[in-house]
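Structural overview
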Amino acid sequence: MKMQTWRYGMAAILAAGLGLAAFAATAAMTADQIRQQVERESGGKVIKIEPRKYGALEAFAVTVMNPGGNDNAAFQVYTVIVNAENGTTVPEQRQTQHY
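Here goes a summary of the coordinates provided. (Residues numbered from 1 in each chain as written. Predicted model: local features only at pLDDT ≥ 70, side-chain atom pairs only at ≥ 80, totals over all residues. Heavy atoms only, no water.)

Thoughts on the overall build of the protein chain
Along its length, the protein chain carries 2 helices and 4 strands. Looking at the protein chain as a whole, 24% of its 99 residues qualify as buried. Here the analysis covers contacts within the protein chain between residues at least 6 apart in sequence; of these, 27% occur between residues at least 24 apart. By element, 60% of the accessible surface of the protein chain is carried by carbon and sulfur atoms, the whole surface being about 7,100 Å². (Helix = DSSP H or I, 4+ residues; strand = E, 2+ residues; numbered from the N terminus. Buried < 20%, exposed > 50% of the residue type's maximum accessible area, 1.4 Å probe, protein only. Contact = heavy atoms within 4.5 Å. Areas by Shrake-Rupley, 256 points an atom, 1.4 Å probe, with all protein chains shown as cover.)

Right under this line is the structure:
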């Protein structure tokens, strides 16, 4: 009887774990959501967005072009790495300039 109860308990824990994993997989942001967020926060235009994997981190490499203007940053192109799970910029890969 104890063994059967233990098995049911383990099955419940496993099912809960799988349920959380499924929730985490569905909670990730889409490329379109990332595009909108980056354009809104940077004021620039997203030129390209590519899904990337950095170790265990699911992310997007987002290439952005600054808007035109009367300064040296006008039309500057750079890449930011954005965490696909929560939409935050990955600090150590903050931006890469394209020359």
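Observations regarding helix α2 (residues 31–42)
Residues spaced three or four apart along an α-helix face the same direction, because each turn holds 3.6 residues. The terminal C-alpha atoms of α2 lie 16 Å apart, and with 12 residues this matches the ideal 16 Å at 1.5 Å per residue to within 8%. Those residues of α2 that fall on the buried side of the exposure criterion are Ile34, Gln37 and Val38. One side of α2 holds all its buried residues, which, seen down the axis, span an arc of 95°. The inward-facing, buried residues of α2 abut β1 (45–54), β2 (57–65) and β3 (77–83). Downstream of α2 by a residue or two, glycine 43 has a phi angle that is positive, lying close to 80°. (Expected span 1.5 Å × (residues − 1). Arc of directions from axis to C-beta.)

Side note on unusual backbone geometry
Not every positive phi belongs to a glycine, and phenylalanine 75 is a case in point at roughly 60°. In this structure, phenylalanine 75 sits in the loop between β2 and β3.

A word on the pattern of salt bridges
Overall, the coordinates contain 3 salt bridges when judged by the stated rule. Between lysine 45 and glutamate 39 there is a salt bridge, with its nearest N and O atoms 3.9 Å apart. Judged by relative accessible area, which is 49%, lysine 45 ranks as partly exposed. Given the relative accessible area of 24%, glutamate 39 is considered partly exposed. The salt bridge involving arginine 52 is made with glutamate 50; its shortest N-O contact spans 2.6 Å. Judged by relative accessible area, glutamate 50 falls into the partly exposed class, the value being 27%. (Salt bridge = Lys/Arg side-chain N within 4 Å of Asp/Glu carboxyl O.)

Details of the nonpolar core
With 12 residues, the main nonpolar core is built from Met29, Ile34, Val38, Val46, Ile49, Phe60, Val62, Val64, Tyr78, Val80, Val82 and Ala84. For this core, the elements supplying multiple residues, two or more each, are α2, β1, β2 and β3. Among all residues touching valine 64, those that are not within four sequence positions of it are Val38, Ser42, Gly44, Lys45, Val46, Ile47, Gln76, Val77 and Tyr78. (Core = buried A, V, L, I, M, F, W, Y, C linked by side-chain atoms within 4.5 Å.)

What about the environment of alanine 74?
By secondary structure assignment, the location of alanine 74 is in the loop between β2 and β3. You can call alanine 74 buried: its relative accessible area is 18%. Excluding its chain neighbours within four sequence positions, the residues that come into contact with alanine 74 are Pro67, Gly68 and Gly69.

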